[in-house]
Amino acid sequence: MRGELTAKGKATRSRIVEGAAEVLREKGVASTTLDDVMARTRTSKSQLFHYFPKGKDELLVAVAQFEAEQVLDDQEPYLSRLDSWDAWSRWRDVVVKRYEDQGDQCPLGSLFLQIGRSTPGTRAIVIELMRRWQESLAAGVRALQTAGSLPADLDVDRRAASLLAAIQGGVSILLSTGESTHLRAALDQGIDDLRHAGRATE
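Criteria and cut-off values
- Residues numbered from 1 in each chain as written.
- Predicted model: local features only at pLDDT ≥ 70, side-chain atom pairs only at ≥ 80, totals over all residues.
- Heavy atoms only, no water.
- Core = buried A, V, L, I, M, F, W, Y, C linked by side-chain atoms within 4.5 Å.
- Buried < 20%, exposed > 50% of the residue type's maximum accessible area, 1.4 Å probe, protein only.
- Helix = DSSP H or I, 4+ residues; strand = E, 2+ residues; numbered from the N terminus.
- Contact = heavy atoms within 4.5 Å.
- 1 Å grid on protein atoms, 1.4 Å probe; cavity = no way out; pocket = protein on both sides within 12 Å on 5 of 7 lines; lining within 4 Å.
- Points joined across faces, edges and corners; volume = space filled by probe spheres on them.

Draft legend 1. Geometry of the nonpolar core. Counting 52 residues, the largest nonpolar core has Trp88, Trp91, Trp133 and Leu137 as the members making the most contacts within it. Looking at which element gives the most residues to this core, the answer is helix H4 (residues 56–73), with nine residues. The residues touching tryptophan 88, leaving out its near neighbours within four places in the chain, are Leu82, Leu137, Gly140, Val141, Leu144, Leu163, Ile191 and Leu194.

Draft legend 2. Layout of empty space enclosed by the protein. Tallied over the entire structure, the rule returns one cavity of 30 Å³ or more. Each pocket or cavity is described by its volume, and for the largest cavity that value is around 40 Å³. Along the walls of the largest cavity sit Gln65, Ala68, Glu69, Ile125, Glu128, Leu129 and Arg132, which together make up its complete lining. At the level of secondary structure, the elements contributing two or more residues to the lining of the largest cavity comprise H4 and helix H7 (122–146).

Draft legend 3. Geometry of unusual backbone geometry. The step from glutamate 76 to proline 77 runs through a cis peptide bond, and the omega angle for that step is 5 degrees. Here proline 77 lies in the loop between H4 and helix H5 (85–102).

So, in structure tokens, the structure goes:
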């Protein structure tokens, strides 16, 4: 696709991507065809290839980007407002619910398995997702420092990285077993460790 899209063009492209995401969640990557996407989004083959001239792989990358955005959007408004212990608790509950509702099927993981992390753009999607997620957690830790709930000399980036790693580890086990026990434990321990560090300011 060449040139900048008009507002209408952007809306059409977004509609195709969101419709494709719905089909992929329902049928799985391997079973979904472009005909399925065209039927769901009511687009013609010429329209589809206008926005995704490289075909299914290009569309899958776009859906992977959309699913990555959903990972963060589903945590809002809590992820952007981690300025109190109560806010952290609400965020924790939202994260756990999101992945329990998802169960042992991960749309984003399935997409990467199908298109491969070496496909241009896919690794960048993962890197950007993790960067933004960690930065949001770091902002929350800094908000607690500003509120006087955590010591000023706490290593913010290290704590945020540890929390993100804990979530990813818990989600990985959930995807393997269907159980959220480890995700719950990892999040609870990470937040408890922050609270423990905060007691030094009391």
